[in-house]
Amino acid sequence: MIRIGILGAAKIAPPALINPARLRDDCEIVAVAARDSARARAYATENTIPDIADSYEALIARDDIDLIYNALPPHRHADLTIAALEAGKAVLCEKPFAMNAIEAARMTDAAQRTGRVLIEAFHYRFHPAFQRVFDIARSGRLGTIRRVDAAFDVTIPYRPGELRHTLEVGGGALMDLGCYPVHWVRTLVGTEPEIVSATAHCDRPGVDTSMAAELSFPGGETGSIHTTMAPDTKFDAWIRVEGSLGQLEIKNPIHPHRGHMITTTIDGDNRTLTAPGQTTYDHQLAHVLDVLAGRTHALTGGRDAVGNMAAIDAIYRAAGLLPRGL
């Protein structure tokens, strides 16, 4: 039985972890910690969590927890994840992995030093729909991959205190939404990009409401990412892969369990398919538990997490902005 503690009274935790854990008999949520005990107690009551800790550090120190889910904003990912690893815990850390690549490297170094599992919560990566896209792209059926474009757009309204609009905690469209298309493109090409150009729109100093970037890769592949959380933006998420023999597109790779479509055009033959599965979060938890049991290797985290943050840092610099936390 894997015993889980949650850092943060986060809105993401019920769909991402609490609900999936309730469907399994090999893990359980033990306790939660928040900014203060009253907040933690209210959250525990609302989500039927048995216990609370008086602080983040107290949760990490508990002997009855095997896995820490770090659901806090990015500015608390590095210090608390490293503390959890050094306390002998495995960690599932929310995306984006860190404030910047320097922090990401410190986190992965800590995982290697302690021998503990550290996985980034890119939940889409574990769903059969993306695995189908990955398999097709890597199979050679599309020929040589020439270009991968990706976008994730959805409104995140501004209000005072909204984390995604707050620079100091790691806000910005690229950090919160754009980390996905960056990861999609990197994962499908399979190498690390150079940033050719990037353009940001900021409604408040330093906080990108929209970001677009052009990428190039060592093998000659090119790509692009686009993301916006601007007002009145309709939800849109997609990946397009162009190969020498054909093309592929997936609509809604972020939440394929809510409906998705994979379309391929190869030698003039058009096909549409889907890949049934549970929620992305169910598959994510299953993957984490498989990694902890030694049944598979982690698909995210490690050098991949450092590479994603390095690309994000470079996009910010190319757009004339500073990476978060620097």
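Coordinates for the structure precede this section.
The shown structure was predicted, so the numbers you read here are calculated from the model rather than taken from an experiment.

Visitor: Outline the nonpolar core, supporting the account with residue identities and numerical values.
Guide: Judged by nonpolar contacts, the single largest core of 77 residues is most densely connected at Trp184, Leu188, Ile239 and Ile315. Apart from the residues within four sequence positions on either side, Trp184 is in contact with Tyr124, Phe130, Ala150, Ala151, Phe152, Ala237, Trp238, Ile239, Pro253 and Ile254. One finds Ala9, Ala10, Ala34 and Ala71 within the second-largest nonpolar core, a separate group that totals 31 residues.

Visitor: Describe the state of the cysteines, with residues and values.
Guide: In the structure shown here, the tally under the stated rule is zero disulfides. In this structure Cys27 is not part of a disulfide, and its nearest cysteine sulfur, from Cys93, lies 19 Å away. No disulfide involves Cys179; its nearest neighbouring cysteine sulfur is the one of Cys93, lying 11 Å away. When its relative accessible area of 0% is taken as the criterion, Cys179 is described as buried.

Visitor: Quick rundown of the packing of helix 5 (residues 101-114) against helix 9 (residues 302-318)? Include the residues and the values.
Guide: Running from N to C, helix 5 and helix 9 point in directions that differ by 170°, and their axes come no closer than 8 Å. Taken together, the axes of helix 5 and helix 9 are roughly antiparallel relative to one another. Here Ala101, Ala104, Ala105 and Thr108 of helix 5 come into contact with helix 9, specifically with Gly302, Ala305, Val306, Met309, Ala310 and Asp313. Within the contact of helix 5 with helix 9, the residues separate by chemical class into seven nonpolar, two polar and one charged.

Visitor: So, the sheet that holds strand 12 (residues 246-251): which residues are in play, and what are the values?
Guide: One open sheet holds the eight strands; their spatial order is 8-9-10-7-11-12-13-14, and the pairing between them is mixed. A strand with exactly one partner marks an edge of an open sheet, and here the two such strands are strand 8 (194-204) and strand 14 (269-273). Strand-to-strand twist across the sheet, computed as the mean angle between neighbouring axes with direction ignored, equals 10°.

Visitor: An account of the side chain of Glu94 is needed here, citing residue identities and associated values.
Guide: For Glu94, the location among the structural elements is in the loop between strand 5 (90-93) and helix 5. Here Glu94 is buried and forms no salt bridge, its nearest opposite-charge partner Lys95 lying at an N-O distance of 5.1 Å. Polar contacts involving the side chain of Glu94 include one to the side chain of Tyr69, which spans 2.6 Å. With residues near it in sequence (within four places) discarded, Glu94 still touches Ile12, Ala16, Tyr69, Asn70, Ala71, His77 and Ala121.

Visitor: Requested: an account of the packing of aromatic side chains, with residues and values cited.
Guide: Within the structure shown, the criterion is met by nine aromatic pairs. With 6.3 Å between their ring centres and 70° between their planes, Tyr124 and Tyr180 make a pair best called edge-to-face. Of the two residues, Tyr124 sits in the loop between strand 6 (118-120) and helix 6 (128-139) while Tyr180 sits in helix 7 (residues 173-189), which places them 56 residues apart along the sequence. Judged on exposure class, the residue Tyr124 and its partner Tyr180 are both buried.

Visitor: Run through the environment of Ala311, naming residues and quoting values.
Guide: Here Ala311 shows up in helix 9. Ala311 sits in the buried class, given a relative accessible area of 4%. As for Ala311 and Arg240, which are separated by 71 residues in sequence, their C-alpha atoms are 19 Å apart. Not counting the four nearest positions on each side in its chain, Ala311 is found in contact with Val182, Arg186, Pro193 and Ile195.

Visitor: Lay out the environment of Leu142 in plain terms, naming residues and giving numbers.
Guide: Turning to its location among the elements, Leu142 is positioned in the loop between helix 6 and strand 7 (145-153). Excluding residues that lie within four positions of it along the chain, Leu142 makes contacts with Ile136, Ala137, Val241, Gly243, Ser244, Leu245, Gly246, Gln247, Leu248 and Ile266.

Visitor: Describe the sheet that holds strand 1 (residues 2-7), listing the residues and the values that go with them.
Guide: Taking strand neighbours across the sheet as the criterion, the six strands line up as 3-2-1-4-5-6 in an open arrangement whose pairing is parallel. The two strands at the open ends of the sheet, each matched to only one other strand, are strand 3 (51-52) and strand 6. Bridge count for strand 1 against strand 2 (residues 27-33) is six bridges, and the pairing is parallel. In the strand pairing of strand 2, Gly5 is matched with Ala31.

Visitor: Give me the pairing of strand 7: which residues, what numbers.
Guide: Counting buried positions along strand 7 yields seven of nine residues, so the element is predominantly enclosed. Pairing geometry for strand 7 and strand 11 (residues 236-243), over eight bridges, is antiparallel. Across the sheet, the residue bridging to Phe152 is Ala237, located in strand 11. Relative to strand 10 (residues 222-228), strand 7 runs parallel, the two sharing seven bridges. Bridging across to strand 10, Ala150 finds its partner in Ile225.

Visitor: I'd like to hear about unusual backbone geometry, residue by residue, with values.
Guide: Of note, the bond from Lys95 into Pro96 is cis; its omega dihedral lies within 30 degrees of zero at -15°. One non-glycine residue, Asp232, lies in positive phi territory at about 65°. The residue Asp232 is located in the loop between strand 10 and strand 11 in this model. Here the phi dihedral of Asn252 falls at roughly 65°; this positive angle occurs in a residue that is not glycine. Residue position: Asn252 is located in the loop between strand 12 and strand 13 (261-266).

Calculation criteria
- Residues numbered from 1 in each chain as written.
- Predicted model: local features only at pLDDT ≥ 70, side-chain atom pairs only at ≥ 80, totals over all residues.
- Heavy atoms only, no water.
- Core = buried A, V, L, I, M, F, W, Y, C linked by side-chain atoms within 4.5 Å.
- Buried < 20%, exposed > 50% of the residue type's maximum accessible area, 1.4 Å probe, protein only.
- Contact = heavy atoms within 4.5 Å.
- Disulfide = S-S within 2.5 Å.
- Axes fitted to C-alpha atoms, helices over the stretch in contact; angles between N-to-C directions.
- Helix = DSSP H or I, 4+ residues; strand = E, 2+ residues; numbered from the N terminus.
- Parallel < 35°, antiparallel > 145°, perpendicular 65-115°, else oblique.
- Nonpolar A, V, L, I, M, F, W, Y, C, P; charged D, E, K, R; others polar.
- Pairing = 2+ DSSP bridges.
- Lys, Arg positive; Asp, Glu negative; His and termini not counted.
- Salt bridge = Lys/Arg side-chain N within 4 Å of Asp/Glu carboxyl O.
- Polar contact = N/O pair within 3.5 Å; in protein donor to acceptor, adjacent residues only side chain to side chain.
- Phe/Tyr/Trp six-rings, centres within 6.5 Å; stacked < 30°, edge-to-face > 60°.

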